[in-house]
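What follows is each chain in one-letter form.
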Amino acid sequence: METFQVKTKKLKDIVDLTPKLNNMIEEKDFQNGLCHVFLTHTTAALTTGEIGEGTEEDLLEVAEKIIPQIQFRHAHDPSHAWSHMAGSLVGASLTLPVMNGELRLGTWQSVLLVELDGPRERQIVVGLAPVI
Amino acid sequence: METFQVKTKKLKDIVDLTPKLNNMIEEKDFQNGLCHVFLTHTTAALTTGEIGEGTEEDLLEVAEKIIPQIQFRHAHDPSHAWSHMAGSLVGASLTLPVMNGELRLGTWQSVLLVELDGPRERQIVVGLAPVI
Amino acid sequence: METFQVKTKKLKDIVDLTPKLNNMIEEKDFQNGLCHVFLTHTTAALTTGEIGEGTEEDLLEVAEKIIPQIQFRHAHDPSHAWSHMAGSLVGASLTLPVMNGELRLGTWQSVLLVELDGPRERQIVVGLAPVI
């Protein structure tokens, strides 16, 4: 298990984790198996999606607007109550296939850290699991 | 693979599975790797999130209100059609990192069973997977 | 790691992957462990849910209507911008328990490929991971 940090730069931000994950896979000389990625936070999320052509900004706007405007009970900081909801909805855990020494993603697919309450330093735990 | 049951207490409920999972990890003396948790149901879900300060009630209200009011075809029991939708959206599968003999979660992060059609007895399957 | 293709038949479609996955598990004589399923696309998703009684049509309508009507920046094809959002929200990665040589799902639970921008040929990567 390995841990690394990512500094997000804005209140809402998307960071492409694909290059960093591929570097870790290469360093370990891991050829085939599963790469598990976990975010130890509740106001950000991990998912896969397209990068570029405005898709990141679309996703960040959707992540906020999709949460219904309820009377939030979370009193600690009501302005970011929605970010807890979006974090739990999108999720903090992601498992990805590794083939021939790199992540086996689609042509337009990247691994995205979705920051919903930044800028912050976020911690990510990675584990590489064998397959039969 | 191991299975355990959780009794939910209300129509909509959140149960923190973290202590139970950490007990299982300790009993197996599992030090480092992945803990996979799966819910064998379609009207409840698993996710990670904060506990306390009203966040659970916020999440349960959001889980219902986020589902658009369509003319549901699911005729078996239309009153819980939304709970199938929320279950599929949030998901029934969760993989978590284990480090030094316990779940490696964030400070404010818990493993949540989200009951959307209770009270019911829910079944959870756990598998502990090695990493390289 | 193994790859297979699924042809979806409509613009929005749901394909039950359960029989295909159980066949692969049987062919490998894999008895207990984890089955990881990954979709190498960004305008479709993987989840678990009920099949039949109109639930698939409900889920497809909800997947579209749940996305807020923002002014999408994604200019490549604005008509399917929502499908990128729904894909990232529901997710492309799923890990499932295997017990006694088959997927350990609930009675009403199936593994669903959710097509949001079809009809297309979709590629799915499967890995079988051991547990302790």
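Since this is a predicted model, take the numbers as computed values, not measurements. (Residues numbered from 1 in each chain as written. Chains lettered and ligands numbered in written order. Predicted model: local features only at pLDDT ≥ 70, side-chain atom pairs only at ≥ 80, totals over all residues. Heavy atoms only, no water.)

Trainee: So, the relation of the copies chain C and chain B: which residues are in play, and what are the values?
Mentor: By a simple turn and slide, chain C fits onto chain B: the slide is 0.0 Å along the axis, the RMSD is 0.0 Å, and the turn is 120°. Such a turn and shift between the copies fits a three-fold axis. Little of the interface of chain C is mirrored in chain B, where only 12% of its interface residues are also at the interface. (Least-squares fit on C-alpha atoms with pLDDT ≥ 70 in both. Contact = heavy atoms within 4.5 Å.)

Trainee: Account for unusual backbone geometry, naming residues and giving values.
Mentor: Each neighbour pair has its own omega, and for Gly-118 of chain A with Pro-119 of chain A the value is -5°, a cis peptide bond. Mapped onto the elements of the fold, Pro-119 of chain A is located in the loop between strand E7 (110-115) and strand E8 (121-129). In this structure, Asn-100 of chain B is a non-glycine residue whose phi angle is positive, near 50°. Relative to the elements of secondary structure, Asn-100 of chain B occurs in the loop between strand E5 (93-99) and strand E6 (102-103). For Asn-100 of chain B, a relative accessible area of 63% puts it in the exposed group. (Helix = DSSP H or I, 4+ residues; strand = E, 2+ residues; numbered from the N terminus. Buried < 20%, exposed > 50% of the residue type's maximum accessible area, 1.4 Å probe, protein only.)

Trainee: Break down the sheet that holds E5 of chain B for me, with residues and values.
Mentor: Each strand in a sheet pairs with its neighbour through backbone hydrogen bonds, running either in the same direction (parallel) or in the opposite one (antiparallel). Residues and elements named next belong to chain B. Pairing within the open sheet is antiparallel, and its five strands lie in the order E1-E8-E3-E5-E6. Whereas interior strands pair on both sides, the edge strands pair on one side only; in this sheet they are strand E1 (2-7) and E6. Here strand E3 (residues 33-39) pairs with E5 via six bridges, running antiparallel. Each bridged residue has a counterpart across the sheet, and for Phe-38 the counterpart in E5 is Ser-93. (Pairing = 2+ DSSP bridges.)

Trainee: Tell me about the packing of aromatic side chains, and name the residues and values.
Mentor: Tallying each qualifying case throughout the model produces zero aromatic pairs over all chains. The ring of Phe-4 of chain A has Lys-20 of chain A sitting right over it, with the charged end atom 5.1 Å from the ring centre. (Phe/Tyr/Trp six-rings, centres within 6.5 Å; stacked < 30°, edge-to-face > 60°. Lys NZ or Arg CZ within 6 Å of the ring centre and 35° of its normal.)

Trainee: Break down helix H2 (residues 55-65) of chain C for me, citing the residues and quoting the values.
Mentor: Counting buried residues in H2 of chain C gives eight out of eleven residues, a clear majority hidden from the surface. Buried within H2 of chain C we find Thr-55, Glu-56, Asp-58, Leu-59, Leu-60, Glu-61, Val-62 and Ala-63 of chain C.

Trainee: Account for the environment of Leu-46 of chain C, naming residues and giving values.
Mentor: Residues and elements named next belong to chain C. Structurally, the position occupied by Leu-46 is in strand E4 (residues 44-49). Classification of Leu-46 as buried rests on a relative accessible area of 1%. For the pair Leu-46 and Val-15, spaced 31 residues apart in sequence, the C-alpha separation works out to 9.8 Å. Discounting residues that sit within four places of it in the chain, Leu-46 has contacts with Leu-17, Val-37, Phe-38, Leu-39, Val-90, Gly-91, Ala-92, Leu-94, Leu-112 and Leu-113.

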